[in-house]
Every structure is written in C-alpha cells, then in structure tokens.
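This is what each chain is made of:
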Amino acid sequence: MDRPRLTTLLTWSVVGTYLLVALGATAAADAGPVVAAVHQASAVAVGVLLAATALLAHRTMASRGVRVGTIAVLLTYFAQAGIGLAGRADVVPFDGGLHLLGGIAVFSVLLVTLVIRVETTAKEPVEDGFPNGTGDRVSPAMSEEGAPSPVSETELPRFRDRVRAYLELTKPRLMWLLCLLALAGMGLAVAAGAELDGVSVVATLGGGVLAIGASGTFNHVYERDRDRKMRRTSDRPIATDRVGVRRATGFGVALVIASMAVMVVFVNMRVS
C-alpha cells in the first residue's frame, strides 16, 4: 500500500514545487507583501512534503534512482530555501534571479524522479497475472449469483471516471515539461534584469496549460485510429470510446477559446 502512496506523494511534490516556483516568480515582480507571505508559507509546506516523500522512498526501499533523486531534491531545496531566507533577512545580498533558477532546478530534478518512479512501477510484475491485481475481482455489474447488480449500466461511467478521461485527453505529463520550459525562460529573463508582472506570469502559465491541453486533445482525435492498433496507446479515452469524437473536439475547442481569452485579457494579443 506504501508503493502507490509514494507515487502520490511524488506527484503532489511536483505540483507543490511548480506552484511554489510560480509564486516565487510573482513575488520577484514585487507583487506585494501578501504574495511574499503566501510564498514563504507555501515553501514550508512544500519542504515538509519533500521530507515525507524522501522518508517514504527510503522506508519502502524504492529504486535507487528514486531514493537518490528524493535526497538530492531535499538537500538542494533546503539549501535553496536557506539562501532565500538569508537574502530576505539581509544576511547576504539577495539575487532573485538566481533564487528562481534554483527553484526551477529543484522542480526539474523532482520531475525526473517522478518519471523514474512511474517507469519503475510500470515494469513491476502484476499479481495473479492480471493487471492491477484484478484476477479475483467480480464485475461491478454482476452480483455473486451472476445476476445483474442493482446499479444500472448508465450509472457505471461515473463523474470521476469521466473527469479522469477528459484529463487524459489533455496529456498532463506533457504539460509539466512545457511549463518547465516557460518557467526556465522566465527565470533567465529575471536573471538578465527583466521585470515580470505577477499577473502576466500566472496568466502565461495558466493560458499555456490550457493551450497544451487543447493540443493534446486534438492529437487524441487525429490519432484515434492509429491508437486502437498500437498496444501502448490502445487504452486512450477516444480509442476505448470513453469519450466520443464530437465531445472531444468540442472540449478541445473550448480549451483553445479559454486559453486565448486568458492570454488576451491578462497578457497581450501577440502572446495569444
């Protein structure tokens, strides 16, 4: 039970670190004392989360890459946080651009560690020869006597499963990689002396996430026939008819409109 918990902790660590870097970029733009206070409180929470992740990785004897990665992230993070605190307390000259680049480096190593964890888990043998240990499970649509259960077939595709299917369309793993590039560009801009507006930073990342989701959705629609033929992609939402082509197309169009609206309103027309 600790193995999926470790993957969950790593995922939340990636999310928390990403949000922390975004807050840091906003705070670097002199967004006010409130944003700076939220950034500092979030830094404490993320530090606790990273420590718990590293502890669980060693307690469960995770792969060497995961254990080394979590320790490297933890040490780098606390060194980075110490530099930030020392700079804010005027103990040493504070370099906001260097501090932001350090946060991006922590996020990058953590993301690589999560990828190693996911790949390692995927290679582990399944129980009883069935994926996810489903060999002894009874179909939810059938009772123990083989008769249909009280749950109707129309209720089986639950709301949570639908949300998960639509989320898969957006290719969230790709989102993190592309947002990492955007954050790296922002960090280099700050290091070069450019001034970043906090609203523009958050809007650029948010609008970019929506645009990436739209791109992934349209890719699912375009590649649906090939996906059904390939073992690696045969379980995708459209290939398995969990999401219809028309609904997926409409979802992609909605993401495009939302992305452009965010960029036009909060950034500028050229970016959109």
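Here is what the cut-offs are and how they apply
- Residues numbered from 1 in each chain as written.
- Predicted model: local features only at pLDDT ≥ 70, side-chain atom pairs only at ≥ 80, totals over all residues.
- Heavy atoms only, no water.
- Helix = DSSP H or I, 4+ residues; strand = E, 2+ residues; numbered from the N terminus.
- Contact = heavy atoms within 4.5 Å.
- Areas by Shrake-Rupley, 256 points an atom, 1.4 Å probe, with all protein chains shown as cover.
- Phe/Tyr/Trp six-rings, centres within 6.5 Å; stacked < 30°, edge-to-face > 60°.
- Buried < 20%, exposed > 50% of the residue type's maximum accessible area, 1.4 Å probe, protein only.
- Patch = residues over 30% accessible without salt bridge, like charges linked within 9 Å, V, L, I, M, F, W, Y side chains within 5 Å.
- Salt bridge = Lys/Arg side-chain N within 4 Å of Asp/Glu carboxyl O.
- Polar contact = N/O pair within 3.5 Å; in protein donor to acceptor, adjacent residues only side chain to side chain.
- pLDDT = per-residue confidence, 0-100.

1. A few points about the overall build of the protein chain
Tallying secondary structure elements over the protein chain gives 9 helices and 0 strands in all. Going from N to C terminus, the protein chain has its helices and strands arranged as α-α-α-α-α-α-α-α-α. Looking at the protein chain alone, contacts between residues at least 24 apart form 69% of all its contacts between residues at least 6 apart. If you sum the accessible surface of the protein chain, you get close to 16,700 Å²; carbon and sulfur atoms cover 64% of it.

2. So, the packing of aromatic side chains
Taken as a whole and judged by the stated rule, the model has 2 aromatic pairs. Taking the centre distance of 5.8 Å and the plane angle of 80° together, the rings of Tyr77 and Phe78 count as edge-to-face. By relative accessible area, Phe78 is classed as partly exposed at 46%.

3. Thoughts on a nonpolar patch on the surface
Together, Phe218, Val253, Val256, Ile257 and Met260 make up an exposed nonpolar region whose accessible area comes to about 400 Å². Per-element tally for the nonpolar patch: the top contributor is helix H9 (residues 245-266), with 4 residues. Along the chain, the position of Val256 falls in helix H9.

4. Quick look at the side chain of Ser259
Along the chain, Ser259 turns up in helix H9. Within the structure, the side chain of Ser259 is placed 2.8 Å from the backbone oxygen of Gly207, a separation counted as a polar contact.

5. Observations concerning the confidence of the model for the protein chain
Confidence in the prediction of the protein chain, expressed as mean pLDDT, is 76, and 78% of residues score 70 or more. Within the protein chain, the element-level pLDDT minimum falls on helix H6 (residues 172-191), averaging 74, and the maximum on helix H8 (residues 224-229), averaging 88. This stretch, residues 126-145, has a pLDDT under 50; its non-local contacts, to residues over four places away or in other chains, come to 16 contacts.

6. Quick notes on unusual backbone geometry
In most cases, non-glycine residues show a negative phi, while peptide bonds are predominantly trans. Its identity as a non-glycine residue notwithstanding, Lys171 has a phi of 55°, on the positive side. Checked against the element boundaries, Lys171 lands in the loop between helix H5 (159-169) and H6. Located in the positive-phi region is Asp241, a residue other than glycine, with phi close to 65°. By the element assignment, Asp241 lies in the loop between H8 and H9. Asp241 gets classed as exposed once you look at its relative accessible area, which sits at 59%.

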